[in-house]
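A structural walkthrough
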Amino acid sequence: MKTSAVEVWSGRLLLVVVMALTIIPFISLFVTALHAPGTYPSGLSWPDEPHWDNFIRAFQSADMLKMLGSSILIELAVVPVSLFIATLAGFALGHLKVPFSRTLFVVFVLGLTLPIEGIIVPIYYQIRSYGLLNTQWAIVLPLIGLFMPFAVMWMRAHFVNMPHELTEAARTDGATTWQLFWRIHVPLSGPAISSLAILLFLWTWNQFLLAIVLVDDPTKRTMAGALGAFQGQWGTDIPLLCAGSILILLPTLIVFLVFQRQFVAALLQGAVKG
């Protein structure tokens, strides 16, 4: 189908507008972070003397080194475990004939409809009964459970489209179910697994509500959760608060920019097959 020049240019104009709406808040945050501490900048005015040391002050004042270590610990506990369980469950639901697979599928779909704000109170009391409040486990265990519905559905959508001829050929050669999964399907699932890992990393890093409710010590939260304590301490110092926000956002931007090809590849793979 031939596209007219009006449609092409209107599409490009829409992309430019969306890009501007996305980038301008980050530019405003960055420019504000360069103003003198304790001032109240307005708009996008560039400071006469940029205070680059605001980033160093924010890093040291908020003890971000400990926050960074806590976030990495939580990431290492949440992302690999969630990936492993979701890949196993997605393979079973999408490629194997397991009992009650349709019922399990409906349960996972219903799990997608549960907002974290609606179940935060039961989670709090359950974590308290385990004696895990104010520990990293108070964030790790709920996140693994909360990520499962989406993660399983993501991997199931991938395995549903895998050709059954591969399975039949492997079965003919005497492969067990585990060998079929680990040696054949997992190597072919690289784009889906890597893109899911990126999403889980970003969601875990930016987790705010669980960290604020379940952990009192800012140095045991995620970086986003620690921002709440940072805001309470430096809420009146707008440039320093903006500098801290940029430092917290920076790792997620780097991860997405580095792995964006894998993420886009997985989305296109699903679009072509589905």
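Conventions and cut-offs
For every chain, the first residue of the written sequence is number 1, and numbering continues from 1 onward in sequence order. This being a predicted model, a pLDDT of at least 70 is required before a residue's local features are given, and a value of 80 or more before pairs of side-chain atoms are given or counted; all residues contribute to the totals for chains, interfaces and linings. Side-chain calculation: all heavy atoms of the structure are included, whereas hydrogens and water are not. Comment: elements are numbered from the N terminus, with helices defined as DSSP H or I runs of at least four residues and strands as E runs of at least two. In protein, a polar contact requires one atom able to donate a hydrogen and another able to accept it; more generally it is a pair of N or O atoms within 3.5 Å, and residues adjacent in sequence count only if both atoms are side-chain atoms. Pairs of residues are marked as contacts when any of their non-hydrogen atoms sit within 4.5 Å. Residue burial is assigned from relative accessible area. The probe radius is 1.4 Å, only protein chains are included, and a residue is buried under 20% of its type maximum, exposed over 50%, and partly exposed in between. This arc describes the spread of directions from the helix axis toward the C-beta atoms. Each cavity reported here is a set of points on a 1 Å grid over the protein atoms alone in which a 1.4 Å probe fits but cannot get out, each pocket an open set with protein on both sides within 12 Å along at least five of seven lines, and each lining residue one with an atom within 4 Å of a point. Grid points are joined across faces, edges and corners, and a volume is the space filled by probe spheres set on the points. Note that Gly is not counted as nonpolar here; it falls among the polar residues with everything else outside the nonpolar set of Ala, Val, Leu, Ile, Met, Phe, Trp, Tyr, Cys and Pro and the charged set of Asp, Glu, Lys and Arg. Two aromatic rings, drawn from Phe, Tyr or Trp (for Trp, its six-membered ring), form a pair once their centres lie within 6.5 Å of each other, and the interplanar angle then sorts them: stacked below 30 degrees, edge-to-face above 60, tilted otherwise. Lysine NZ or arginine CZ positioned within 6 Å of the ring centre and within 35 degrees of the ring normal marks a charge as sitting over the ring. Here an angle of 0 to 180 degrees is reported between the N-to-C directions of two axes, which are lines fitted to C-alpha atoms, with helices fitted over the stretch in contact. Relative orientations are named as follows: roughly parallel for angles under 35 degrees, roughly antiparallel for angles over 145 degrees, roughly perpendicular for angles from 65 to 115 degrees, and oblique for any other angle. Crossing handedness is read from the near helix: turned anticlockwise from the far helix by less than a right angle, it gives a left-handed crossing, and turned clockwise, a right-handed one.

Secondary-structure assignment places T252 in helix α12 (residues 238–258). A distance of 2.6 Å separates a polar side-chain atom of T252 from the backbone oxygen of L249. Contacts of T252, omitting those with residues within four sequence positions, involve L202, W205 and N206.

Looking now at helix α2 (residues 53–61). Along α2, the residues classified as buried are N54, F55 and A58. One side of α2 holds all its buried residues, which, seen down the axis, span an arc of 100 degrees. Opposite the buried face of α2, by more than 90 degrees, sit the exposed residues I56 and Q60. Downstream of α2 by one or two residues, D63 has phi in the positive range, about 55 degrees.

Quick look at the layout of surface pockets now. Picture a little ball the size of a water molecule; that probe, rolled over the atoms, points out where space is still empty. Of the pockets and cavities examined, the largest pocket occupies roughly 350 Å³. Lining of the largest pocket is provided by 13 residues; of these, L114, I116, L146, F147 and W203 occupy positions nearest its centre. Looking at the lining of the largest pocket, the elements with two or more residues in it are α4 (101–112), α5 (116–130) and α6 (137–160). Looking at which element gives the most residues to the lining of the largest pocket, the answer is α6, with six residues. Within the lining of the largest pocket, the residues separate by chemical class into 10 nonpolar, three polar and no charged.

Let us now look at the packing of aromatic side chains. Aromatic ring pairs are described here by two measures, namely the spacing of the ring centres and the angle between the planes. This model, assessed by the stated rule, comprises 11 aromatic pairs. Three or more aromatic residues link up through ring pairs in this structure, and these residues are F91, F159, W178, F181 and W182. Above the face of the W9 ring, R12 is positioned so that its terminal group lies 4.9 Å from the ring centre.

Packed helices, taken two at a time, are described by the angle between their axes plus the distance between the axes. One way to put it is that α2 packs onto α12 with a least axis distance of 8 Å and a crossing angle of 75 degrees. As judged from the angle between their axes, α2 and α12 are roughly perpendicular. The residues of α12 that touch α2, namely those facing N54, F55, R57, A58 and F59, are P239, L240, A243, G244, I246 and L247. The class makeup of the residues in the contact of α2 with α12 is eight nonpolar, two polar and one charged.

This part covers the environment of D216. Position of D216 relative to the elements: it lies in the loop between α10 (209–214) and α11 (223–234). By relative accessible area, D216 is classed as exposed at 60%. Among residues more than four places away in sequence, those in contact with D216 are N134 and R221.

What follows concerns the environment of V213. Along the chain, V213 turns up in helix α10. Since its relative accessible area comes to 30%, V213 is described here as partly exposed. Apart from the residues lying within four places of it in its own chain, the contact partners of V213 are I120 and Y124.

The geometry of helix α1 (residues 5–33) relative to α12 is characterised by a closest axis approach of 7 Å and an angle of 125 degrees between their N-to-C directions. On the basis of the axis angle, α1 is oblique to α12. Crossing of α1 over α12 shows left-handed handedness. The segment α1 lies against α12, with F26, L29, F30, T32 and A33 engaging I238, P239, C242, A243, S245, I246 and L249. Its residues placed into classes, the contact of α1 with α12 shows 10 nonpolar, two polar and no charged.

Bear in mind that shape data such as this cannot, by itself, settle questions of function.
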